[in-house]
Amino acid sequence: MTPLRILVVDDHAVVRRGVRSLLESHEGWEVCGEATTGRDAVAQSLRLRPDVIVMDLSLPELNGLEATRQILKDSPRSEILVLTMHHSEQLARDVLQAGARGYVLKSDADQSLIAAVESLRQHKPFLTSRVTEFVLDDYLRRVETGDRAVHGAVTAREREIVQLLAKGRSNKEAASTLGISVKTIEAHRANIRRKLHLRSITDLVRYAIRNKIVQP
């Protein structure tokens, strides 16, 4: 029997150790790699091609939602399970929109993580009990009716830039991180301000925190 290969993504070593120990206690499962940042998760997913990725949301360099989007763009057969301490209906919608099919709170991991990974192994979704059926039903309804609101106001690249600017990076530093020109950053920044009706960097930081792009 081919083992189930799992990539664990979290910036806290103690969490990674605990998740690894729990997962590898299940016969036939192996943790094939660990990542500590969103960008590292994207790179390792391309290199390792894991079956399941256990993904935190609050990650340095690239948040878990953006990492999820990028991974699934290149590896659509990978299943992503978001394991987070945060919970809100909007966040659950964002997780589903990004393409992840599992959502478990860290406080429920000891009871739900194995079941969640098993469900994703069978390509079935798994939502923690605290995420109500309303969230999934509402999301699917809006997708089926073509509601544009479900697709978000900003692009994936713009969300990356929001994360960098909200963490205090200058235009030059953001450009260097993303491998693009300062003029391109400035153009994106102007688009972000226009789309989101932001008047200052303080407004941008508030938007990033409210939407879990960065942690306060």
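Residues numbered from 1 in each chain as written. Predicted model: local features only at pLDDT ≥ 70, side-chain atom pairs only at ≥ 80, totals over all residues. Heavy atoms only, no water.

Overview of the overall build of the chain
Counting its regular elements, the chain contains ten helices and six strands. In the chain, which comprises 216 residues, the share counted as buried stands at 47%. Partitioning the contacts of the chain with sequence separation of at least 6, the portion at a separation of at least 24 is 62%. Summed over all atoms, the accessible surface of the chain reaches about 11100 Å², with 50% contributed by carbon and sulfur. (Helix = DSSP H or I, 4+ residues; strand = E, 2+ residues; numbered from the N terminus. Buried < 20%, exposed > 50% of the residue type's maximum accessible area, 1.4 Å probe, protein only. Contact = heavy atoms within 4.5 Å. Areas by Shrake-Rupley, 256 points an atom, 1.4 Å probe, with all protein chains shown as cover.)

Let's talk about the confidence of the model for the chain
Across the chain, pLDDT averages 84, with 88% of residues at or above 70. Confidence drops under pLDDT 50 across residues 147–151; counting only partners more than four residues distant or on other chains, this segment forms seven contacts. (pLDDT = per-residue confidence, 0-100.)

Topic: unusual backbone geometry
One non-glycine residue, R49, lies in positive phi territory at about 50 degrees. Relative to the helices and strands, R49 resides in the loop between α2 (38–48) and β3 (52–55).

Some words on the pairing of strand β2 (residues 29–35)
Summarising the sheet, strand β1 (residues 4–9) and β2 pair through six bridges and their orientation is parallel. Residue pairing in the sheet places V9 in a bridge with A35 of β2. For the crossover from β1 across helix α1 (residues 13–24) to β2, the handedness is right-handed. (Pairing = 2+ DSSP bridges. Right-handed = clockwise from strand over helix to strand, strands pointing away.)

With respect to the sheet that holds β2
Strands pair in a sheet through their backbones, by hydrogen bonds, and they do so in one of two ways: parallel or antiparallel. Read across the sheet, six strands follow the order β2-β1-β3-β4-β5-β6 without closing on themselves; strand pairing throughout is parallel. Both outer strands of the open sheet, β2 and β6 (126–127), are each paired with one neighbouring strand and no more. Here helix α4 (residues 89–98) sits on the sheet and contacts β4 (79–84), β5 (102–105) and β6; the angle it forms with β5, its principal contact strand, is near 145 degrees. Contacts from helix α5 (residues 109–121) reach β1, β2, β3, β4, β5 and β6, with the element oriented near 165 degrees to β4. (Axes fitted to C-alpha atoms, helices over the stretch in contact; angles between N-to-C directions.)

Looking at the side chain of Q44
Within the element layout of this structure, Q44 appears in helix α2. In contact with Q44, not counting residues within four places along its chain, are L7, G33, E34, A35 and R49.

Re α1
Across its twelve residues, α1 extends 16 Å between first and last C-alpha, which sits within 8% of the 16 Å expected from 1.5 Å per residue. Within α1 the residues assigned to the buried category are R16, V19 and L23. Down the axis of α1, the smallest arc covering the buried residues is 70 degrees, so these residues share one side. Summarising the geometry of α1, the exposed residues directed more than 90 degrees from the buried face are V14, R17 and S21. (Expected span 1.5 Å × (residues − 1). Arc of directions from axis to C-beta.)

Considering the pattern of salt bridges
Counted by the stated rule, this structure contains 14 salt bridges. Here E66 makes a salt bridge to R159, at a shortest N to O gap of 2.4 Å. Of the two residues, E66 sits in helix α3 (residues 64–74) while R159 sits in helix α7 (residues 156–166), which places them 93 residues apart along the sequence. A relative accessible area of 1% means that E66 is categorised as buried. Between D203 and R206 there is a salt bridge whose closest N-O contact spans 3.8 Å. Of this pair, D203 and R206 both sit in helix α10 (residues 201–210), three residues apart, roughly one helical turn. Judged by relative accessible area, R206 falls into the exposed class, the value being 53%. Each of the salt bridges in this network shares a partner with another, and the network as a whole consists of R16, R20, E24 and E34. (Salt bridge = Lys/Arg side-chain N within 4 Å of Asp/Glu carboxyl O.)

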